[in-house]
Amino acid sequence: MNAFSRGASNTPHYRFIDEGYAEHYSQAMMGREAAYKQRALDKTQGFLEKGWVNFGQAVDWPAYFGQKGKGGRLGFEAYLVGSTFYYYVKDTYGEDAFFKLVEEIGTNFTFNRALKATFEKNEEEIEGEWLAYIRSSAQ
């Protein structure tokens, strides 16, 4: 991820994408992807109902992840939210599009430009699709 994004995925702004994919990957390697995916979607749906899921919050990884009880919103459950973004992109546009986005993050100056270059949609449109995906996929 770091190489694809020219280091950008390792910055707080894009950390939710990096960490969400890493958690998905580790679960898939252990043969637990399906159960993890559903857990991520279900938990994130609950966070969404509380108003805790949007790009504005997720891109501030230190505050979003933080330490639960000490100013952090979600603690380790922030990884679940990041994973739902990966699943949304993969299920909607294909896995190649996810990696294209990661590469675009490293070559564009803003998240919005990376989204437009990848999906031909702006940040508001992609966020709306992501949130609708969470709502429709949770059990």
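Preceding block: the structure.
Residues numbered from 1 in each chain as written. Predicted model: local features only at pLDDT ≥ 70, side-chain atom pairs only at ≥ 80, totals over all residues. Heavy atoms only, no water.

Engineer: What exactly am I supposed to notice about the pattern of salt bridges here?
Structural biologist: Where side chains of opposite charge bring their charged atoms close, a pairing between them can arise. Using the criterion set out here, one finds 6 salt bridges in the structure. The salt bridge partner of Glu77 is Lys43, with a shortest N-O separation of 2.9 Å. Taken as a pair, Glu77 in the loop between helix 4 (61-65) and helix 5 (78-93) and Lys43 in helix 2 (residues 33-49) lie far apart in primary sequence, 34 residues in all. Here Glu104 and Lys100 are joined by a salt bridge, their closest N and O atoms 3.6 Å apart. With Glu104 and Lys100 both in helix 6 (residues 95-107) and 4 residues apart, this pair spans about one turn of that helix. Given the relative accessible area of 18%, Glu104 is considered buried. On the accessibility criterion, Lys100 (32% relative accessible area) is partly exposed. (Salt bridge = Lys/Arg side-chain N within 4 Å of Asp/Glu carboxyl O. Helix = DSSP H or I, 4+ residues; strand = E, 2+ residues; numbered from the N terminus. Buried < 20%, exposed > 50% of the residue type's maximum accessible area, 1.4 Å probe, protein only.)

Engineer: Where do I start with helix 8 (residues 123-137) in this structure?
Structural biologist: An α-helical segment advances 3.6 residues per turn. Residues three or four places apart therefore align on the same side. Here helix 8 contains 15 residues, and its C-alpha end-to-end distance of 21 Å stays within 8% of the 21 Å for a straight helix at 1.5 Å per residue. For helix 8, the set of buried residues is Ile126, Trp130, Leu131, Tyr133 and Ile134. The arc that holds the buried residues of helix 8, viewed along the axis, is 150 degrees, so those residues lie on one side. Every exposed residue of helix 8 that faces more than 90 degrees away from the buried side is listed here: Glu124, Arg135 and Ser136. Against helix 2, helix 3 (55-58), helix 5 and helix 7 (111-119) lie the buried residues of helix 8. Backbone nitrogen of Glu124 and a side-chain oxygen of the N-cap are separated by 3.1 Å at the start of helix 8; the cap is Asn122. (Expected span 1.5 Å × (residues − 1). Arc of directions from axis to C-beta. Contact = heavy atoms within 4.5 Å. Polar contact = N/O pair within 3.5 Å; in protein donor to acceptor, adjacent residues only side chain to side chain.)

Engineer: Help me understand the nonpolar core, please; the structure alone is not making it clear to me.
Structural biologist: It is characteristic of soluble globular proteins that their nonpolar side chains tend to be buried jointly. One finds Phe16, Ile17, Val53, Phe85 and Trp130 to be the most contacted residues of the largest nonpolar core, which totals 42 residues. Going through the elements one at a time, helix 1 (15-29), helix 2, helix 3, helix 4, helix 5, helix 6, helix 7 and helix 8 are the ones with two or more residues in this core. (Core = buried A, V, L, I, M, F, W, Y, C linked by side-chain atoms within 4.5 Å.)

Engineer: I'm lost on the packing of aromatic side chains in this one. Help?
Structural biologist: Two aromatic rings, taken as a pair, are described by how far apart their centres are and by the angle between their planes. Per the counting criterion, the structure on display carries 27 aromatic pairs. Centre to centre, the rings of Phe16 and Phe55 are 6.1 Å apart; their planes meet at 50 degrees, and the pair counts as tilted. Highlighted residues: Phe16 in helix 1 and Phe55 in helix 3, separated in sequence by 39 residues. Assessed through its relative accessible area of 0%, Phe16 is described here as buried. Between Phe16 and Phe111 the ring centres are 6.3 Å apart and the planes differ by 85 degrees, which places this aromatic pair in the edge-to-face class. Placement of Phe16 in helix 1 and of Phe111 in helix 7 is noted, with a sequence separation of 95 residues between them. (Phe/Tyr/Trp six-rings, centres within 6.5 Å; stacked < 30°, edge-to-face > 60°.)

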